[in-house]
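Results of the structural survey
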Amino acid sequence: MPILRPTRSPCRGFSLLELLLVASLCAIVFTSAALAFRAVGQNQRRSTTFQEVALTSNVATNFFPGTTDTTIDSYTAPSYGRSALANQMRNLFYEDVESGSAVFALPRTGNINEIREGILTLPSDTTHPIGYWQPASYDTPAKFLDLLKDPSMTSTKTRANVFLSYRGAPADRVTSGSVTSHVTNGSIFILRPSNSPTEIWVRTVYEIDYIGFKDLKDTSRYSAGMPCVHASVRRYAWDNSNSTINLTHFYDVVFRDSLLADVGVPFVHYERAVRTNVVETGVTKWKAAGNQSFYLMWWPDPGVSRLKGSALGSYTGLPQADYAKHEGQTSFCFVVPQFPCY
């Protein structure tokens with residue numbers, strides 16, 4: 001009986017037409033990839049330009065404790081690397097708030113705040129009514145500032161003079177003598193539960209600062225130099241082991257062709273709606289919080305190219321009128337409860 005063997009088709013190679021077709025497709029793919037890489041590379045170089053920023057010695061030391069250098073290199077906006085850092089800090093900020101017992105945001109015109117210690121010692125005096133020093137008494141940022149400035153608070157009363165008192169929204173700008181300054185900076189104190197009746201425990205302090213300057217090397221549009229704004233957000237924590245203030249996280253960015261007048265106030269504060277029982281001119285519109293008081297806060301956004309917002313309306317008579325500059329300006333807008341553990 002014959003043995004049946006499987007039949008196999010003869011081996012065939014590629015035809016010339018097939019080789020030409022594959023080669024053409026490869027050329028198209030690699031050419032497209034090269035063009036895309038070139039476009040990405042060009043845009044990336046535009047978005048990672050360095051800008052030299054000169055700080056005063058006092059500001060440099062306050063921003064970066066222990067430094068002796070007064071010149072820093074910062075990225076210009078838009079910077080997607082700085083956006084990644086800003087997102088990390090936003091997550092950390094939420095973690096700090098969730099673990100805190102109270103949040104107090106105080107505005108500044110200057111760029112220096114020296115109150116960053118982890119424990120604020122309350123005075124043991126009898127000149128104040130019972131309950132004056134209890135945390136429940138600090139139901140607004142203004143009340144917390146009154147505490148820091150109280151004559152009995154010898155450790156903070158002088159240093160607290162850098163802050164401005166406010167209800168609702170800080171003034172957009174203030175005039176002292178012949179100098180008018182925009183209120184763009186602020187400090188955010190996140191307190192933590194305290195086991196001591198004579199101490200206030202501070203978890204972290206966040207600083208928001210804007211510094212205006214001119215790039216004297218660039219006179220392409222302005223004969224006096226290109227106006228720029230250096231913006232930064234920094235997180236400080238107190239190290240009890242060696243009694244030092246540590247800068248744990250920060251991000252910064254430079255907005256070119258920008259002015260401090262474009263920034264707007266760093267935050268606003270909404271009080272509980274039940275307080276409308278007491279009519280207060282200029283403050284009643286801010287008494288709109290349903291259950292507990294809260295803040296709206298804005299951080300600089302490294303991912304946008306312009307600092308100036310895009311507000312179209314005036315919002316006359318509404319709270320939005322006081323922070324309209326932030327419309328279309330930044331994606332880093334937070335709603336923060338004043339008492340997270342309430």
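Just so it is clear, the model here is predicted, and its values are computed rather than measured. (Residues numbered from 1 in each chain as written. Predicted model: local features only at pLDDT ≥ 70, side-chain atom pairs only at ≥ 80, totals over all residues. Heavy atoms only, no water.)

**A word on the pattern of salt bridges**
- Enumeration according to the criterion identifies 21 salt bridges in this entry.
- We note a salt bridge from Asp 172 to Arg 173, for which the minimum N-O separation is 3.1 Å.
- Exposure remark for Arg 173: the relative accessible area of 49% places this residue in the partly exposed category.
- Across the pair Lys 285 and Asp 322 runs a salt bridge, and its minimum N-O distance is 3.3 Å. Taken as a pair, Lys 285 in the loop between β11 (267-272) and β12 (287-289) and Asp 322 in the loop between β13 (294-298) and β14 (333-337) lie far apart in primary sequence, 37 residues in all.
- A network of salt bridges, in which partner residues are shared, links Asp 139, Lys 143, Arg 167, Glu 271, Arg 275, Glu 280 and Lys 287. (Salt bridge = Lys/Arg side-chain N within 4 Å of Asp/Glu carboxyl O. Buried < 20%, exposed > 50% of the residue type's maximum accessible area, 1.4 Å probe, protein only. Helix = DSSP H or I, 4+ residues; strand = E, 2+ residues; numbered from the N terminus.)

**Re the packing of aromatic side chains**
- Counted under the stated rule, the structure contains 21 aromatic pairs.
- Ring geometry for Phe 93 and Tyr 206: centres 4.9 Å apart, planes at 85°, overall edge-to-face. Residue Phe 93 is found in helix α3 (residues 80-99), and its partner Tyr 206 is found in strand β8 (residues 199-215); the two are separated by 113 residues along the sequence. With respect to burial, Phe 93 and Tyr 206 carry one shared label: buried.
- The structure contains a cluster of three or more aromatic residues connected by ring pairs, namely Phe 93, Tyr 94, Tyr 206, Tyr 251, Trp 299 and Phe 334.
- Residue placement shows Arg 116 over the ring face of Tyr 236; its charged tip is 3.7 Å from the ring centre.
- Sitting over the ring of Phe 63, Arg 234 keeps its end group 3.6 Å from the ring centre. (Phe/Tyr/Trp six-rings, centres within 6.5 Å; stacked < 30°, edge-to-face > 60°. Lys NZ or Arg CZ within 6 Å of the ring centre and 35° of its normal.)

**Describing the environment of Ile 211**
- The residue Ile 211 is located in strand β8 in this model.
- Once the C-alpha coordinates of Ile 211 and Leu 55 are considered, the two residues, 156 residues apart in sequence, prove to be 8.8 Å apart.
- Residues contacting Ile 211, with those up to four places away along its chain left out, are Leu 55, Val 59, Phe 63, Asn 111, Cys 228, Val 229, His 230 and Leu 260. (Contact = heavy atoms within 4.5 Å.)

**Observations regarding the pairing of strand β1 (residues 50-54)**
- Only one face of β1 is covered, namely the one carrying Gln 51 and Val 53; the face carrying Phe 50, Glu 52 and Ala 54 has none of its residues buried.
- In this sheet, strand β2 (residues 71-75) lies alongside β1 in antiparallel orientation, the contact comprising five bridges. If you follow Phe 50 over to β2, its bridge partner there is Tyr 75. (Pairing = 2+ DSSP bridges.)

Nothing here speaks to function; it is all geometry.
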